[in-house]
Amino acid sequence: MLKLVVLVSLFAASLASFKFNVKPELVQSWHKFTLPPHDVCVDKEYISKERLDSAFENMEFPDDTQFKCMVVCIFERLKFYNKGKGTYNHEVMIEEINGLTQEIADKCYKTRGSADDDDCEHIFHGATCAIRALEE
């Protein structure tokens, strides 16, 4: 019985996701600039390349730790986030992320509260906030 409960819980968790409605040209530009760290982060976070590509293509981000930590890896490698300090580099982000404005960056990408805060949750929250601000 316990195995059944665990399996049902895992299945339900796998269905949880964040779906976005963003202009295709924005999605394509975001996917393009994330390609350099793509393979390194796929290996580091043990997530399949297909799963990551599908998330970008469909703009449907899974609500799970692996995917959220994948976003951290990408942000760090693109110099968008300094994990040690818990800070974002808004200047670089605005230059690289098509559609991102200073206003959206200030609203969504805030300094981490404390060193104990979960970077994966923190950055994923910022990313989903910014994407929602750019929805059609």
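Details of the structure are given in the entry above.
What comes next concerns the included structure.

Rules used throughout
- Residues numbered from 1 in each chain as written.
- Predicted model: local features only at pLDDT ≥ 70, side-chain atom pairs only at ≥ 80, totals over all residues.
- Heavy atoms only, no water.
- Core = buried A, V, L, I, M, F, W, Y, C linked by side-chain atoms within 4.5 Å.
- Buried < 20%, exposed > 50% of the residue type's maximum accessible area, 1.4 Å probe, protein only.
- Helix = DSSP H or I, 4+ residues; strand = E, 2+ residues; numbered from the N terminus.
- Contact = heavy atoms within 4.5 Å.
- Salt bridge = Lys/Arg side-chain N within 4 Å of Asp/Glu carboxyl O.
- Disulfide = S-S within 2.5 Å.

1. Comments concerning the nonpolar core
Grouped together as the largest cluster of nonpolar side chains are 41 residues, with contacts concentrated most on Trp30, Phe75 and Tyr109. Contributing elements (two or more residues each) for this core: α2 (24-33), α3 (35-45), α4 (49-58), α5 (65-77), α7 (102-108) and α8 (119-133). The element best represented in this core is α5, accounting for 8 residues. When sequence neighbours within four positions are dropped, the list of residues in contact with Tyr109 reads Phe75, Tyr88, His90, Met93, Leu100, Ile104, Gly126, Ala127 and Ala130.

2. What about the pattern of salt bridges?
Between side chains of opposite charge, a pair can form when the charged atoms approach closely. Scanning all chains against the criterion turns up 6 salt bridges. Here Arg51 and Asp64 are joined by a salt bridge, their closest N and O atoms 2.1 Å apart. Residue Arg51 is found in helix α4, and its partner Asp64 is found in the loop between β2 (60-62) and α5; the two are separated by 13 residues along the sequence. Of the residues examined, Arg51 reaches a relative accessible area of 26% and is grouped as partly exposed. Ionic pairing is found between Lys68 and Asp63, a salt bridge with its closest N-O pair at 2.7 Å.

3. Section: unusual backbone geometry
One non-glycine residue, Met59, lies in positive phi territory at about 50°. Here Met59 shows up in the loop between α4 and β2. Non-glycine residue Lys79 carries a positive phi angle of around 65°. Along the chain, Lys79 turns up in the loop between α5 and β3 (81-82). According to the relative accessible area criterion, Lys79 is exposed, its value standing at 59%.

4. Remarks on α2
Those residues of α2 not exposed but buried are Leu26, Val27, Trp30, His31 and Phe33. On its buried face, α2 is in contact with α3, α4, α6 (90-96) and α8.

5. A few points about the environment of Ala105
With respect to the secondary-structure elements, Ala105 resides in helix α7. Spatially, the C-alpha atom of Ala105 lies 9.4 Å from that of Asn89, the residues being 16 residues apart in sequence. Discounting residues that sit within four places of it in the chain, Ala105 has contacts with His90, Ile94 and Leu100.

6. Observations concerning the state of the cysteines
Enumeration according to the criterion identifies 3 disulfides in this entry. At a sulfur-sulfur separation of 2.1 Å, the disulfide partner of Cys41 is Cys73. Sign of the S-S torsion, about -85° for the bond between Cys41 and Cys73, identifies this disulfide as left-handed. One end of the pair, Cys41, is in helix α3; the other, Cys73, is in helix α5, and 32 residues separate them in sequence.

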